[in-house]
Amino acid sequence: MMEEASLRMWLFAPGNWQYLLINAAIGIGIAADAVIATIGRFKRFKTVRDALTWAAAIGFTHTVFPMIGLIGLWYAASSFPSLKAVIYGAGFVAMVWFINDVVRDIAGLDEEEGENETDEKDFFYQFLAKHSRFWAAVWAVSIDALVTGPGKTAATAQWSQAQVLGSFPLVGFVVFGLVMLSAWPAIVLHQYWQEQKFDDPKGLARFTTLGSWVELSIFLYFAYLAISEMILALGVQPIISEFLIAGIFAIATTAVLLITLGDRVWVTQLQEAKDLLQT
């Protein structure tokens, strides 16, 4: 009873709900592209073990890669307060680069410039491909996760050391849970595909489109949060909470992108779904 009471007191303490929600958002944002990649790879899962092995590998990289940058830059920001604005500004630049990459990918903008396979041409991909196609594919899917950690450093601005360290298992739990869960629909899709029962590209396109917009909106939130924290570090006090400011701007930007690129994203995702089912 005392343990339950203590847990309730902790949950309802000021700031703790916000801490849990931020970690959940980080986990969902990191896991979104991994879940899409797992579902999109369904034709390669000949056994349940294949699907779970892939999901476990992707879940691991999408947990460890972002946390390396997040914890490292949090330590730098807390140890060198004078550099906070620079660190948060760098996080914003990293997120803008990543968001641009996501938008171009989901809207098919890179295809117009012949940049389809840039992710598969880096040194580590080529090195891994010589030894294992599986780990080369894991690397190709996970490389962008290295960028998301620095971009989320702003979320840790008000955290204690214990909260930062506690964030690792919390985010890891969300990422692993979502990616491992995505293995099951991938297995079902594979079975339906083998039995020639799955011929609905629109259903698959709806999933990838929704997942892409969720991922993008979360990354936009952390990009604006990085800017807000940078302004705070420069000594400018906002009228309202920096978390609220980031949320408002993230929603507004997502709405603008939906209006301007929504149709194009849908057409691109639908075509990719059709190509996937035909090959």
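A brief look at the structure comes next. (Residues numbered from 1 in each chain as written. Predicted model: local features only at pLDDT ≥ 70, side-chain atom pairs only at ≥ 80, totals over all residues. Heavy atoms only, no water.)

### So, the overall build of the chain
Helices and strands together make up the secondary structure of the chain, namely 10 helices and zero strands. Starting at the N terminus and ending at the C terminus, the chain contains elements arranged as α-α-α-α-α-α-α-α-α-α. Across the 279 residues that make up the chain, the buried fraction comes to 44%. Accessible surface computed for the chain: about 15200 Å², of which carbon and sulfur atoms make up 66%. (Helix = DSSP H or I, 4+ residues; strand = E, 2+ residues; numbered from the N terminus. Buried < 20%, exposed > 50% of the residue type's maximum accessible area, 1.4 Å probe, protein only. Areas by Shrake-Rupley, 256 points an atom, 1.4 Å probe, with all protein chains shown as cover.)

### Brief notes about the nonpolar core
Within the largest apolar cluster, 67 residues are counted, with the highest numbers of intra-cluster contacts made by Val179, Leu216, Phe222 and Leu225. Those elements that place two or more of their residues in this core are α2 (16-40), α3 (48-79), α4 (84-106), α6 (133-142), α8 (161-194), α9 (201-233) and α10 (242-278). For this core, the element with the most residues is α9, which contributes 12 residues. Among the nonpolar cores identified, the runner-up in size contains six residues, and Phe65, Tyr125, Ala136 and Ala140 belong to it. (Core = buried A, V, L, I, M, F, W, Y, C linked by side-chain atoms within 4.5 Å.)

### Here's the deal with the packing of aromatic side chains
For the structure on display, the rule yields seven aromatic pairs. Ring geometry for Trp54 versus Phe134: centroids 6.0 Å apart, planes at 80 degrees, classification edge-to-face. Of the two residues, Trp54 is situated in helix α3 and Phe134 in helix α6; the sequence distance between them amounts to 80 residues. For Phe134, a relative accessible area of 24% puts it in the partly exposed group. Ring centres of Tyr224 and Phe249 lie 5.4 Å apart, and the angle between their planes is 40 degrees; this geometry places the pair in the tilted category. Residue Tyr224 is found in helix α9, and its partner Phe249 is found in helix α10; the two are separated by 25 residues along the sequence. For Tyr224, a relative accessible area of 23% puts it in the partly exposed group. An aromatic cluster of three or more residues is present, and its members are Trp54, Phe134 and Trp135. Against the face of Trp54 rests Arg41, its NZ or CZ located 4.1 Å from the ring centre. (Phe/Tyr/Trp six-rings, centres within 6.5 Å; stacked < 30°, edge-to-face > 60°. Lys NZ or Arg CZ within 6 Å of the ring centre and 35° of its normal.)

### Concerning the packing of α2 against α3
Running from N to C, α2 and α3 point in directions that differ by 145 degrees, and their axes come no closer than 10 Å. Read as a crossing pair, α2 and α3 show a hand that is right-handed. Contacts between α2 and α3 involve Ile26, Ile30, Asp33, Ala34, Ala37 and Thr38 from the former and Trp54, Ile58, His62, Pro66 and Leu70 from the latter. In the contact of α2 with α3, the residues fall into eight nonpolar, two polar and one charged. (Axes fitted to C-alpha atoms, helices over the stretch in contact; angles between N-to-C directions. Left-handed = near helix turned anticlockwise from the far one by under 90°. Contact = heavy atoms within 4.5 Å. Nonpolar A, V, L, I, M, F, W, Y, C, P; charged D, E, K, R; others polar.)

### Topic: the packing of α9 against α10
Two elements in contact, α9 and α10, have axes separated by 7 Å at closest approach and are oriented at 150 degrees. On the basis of their axis angle, the class for α9 and α10 is roughly antiparallel. The way α9 lies across α10 gives a crossing that is right-handed. Taken together, the residues that form the contact of α9 with α10 break down as 23 nonpolar, nine polar and five charged. (Parallel < 35°, antiparallel > 145°, perpendicular 65-115°, else oblique.)

### Some points on α4
Since the α-helix advances by 3.6 residues per turn, residues separated by three or four positions end up pointing in the same direction. If you check α4, its first and last C-alpha atoms are 33 Å apart, about what 23 residues at 1.5 Å a residue would give, namely 33 Å. Within the sequence span of α4, burial applies to Ala85, Ile87, Tyr88, Gly89, Gly91, Ala94, Met95, Phe98, Ile99, Val102, Val103 and Ile106. The positive-phi residue at the C-terminal boundary of α4 is Gly108, with phi of around 70 degrees. (Expected span 1.5 Å × (residues − 1).)

### Let's talk about α10
Along its 37 residues, α10 runs just 47 Å from first to last C-alpha, ending more than 12% under the 54 Å computed at 1.5 Å per residue. At Leu261, α10 shows its maximal kink, close to 65 degrees. Measuring from the backbone nitrogen of Phe243 back to the side-chain oxygen at the start of α10 gives 3.2 Å, which picks out Ser241 as the cap. (Bend = angle between axes of the 7 residues up to and from the residue. Polar contact = N/O pair within 3.5 Å; in protein donor to acceptor, adjacent residues only side chain to side chain.)

### Brief notes about the side chain of Asn23
Structurally, Asn23 is set in helix α2. In this structure Asn23 touches Trp159, Ser167, Leu170 and Val171, once residues within four positions along its chain are discounted.

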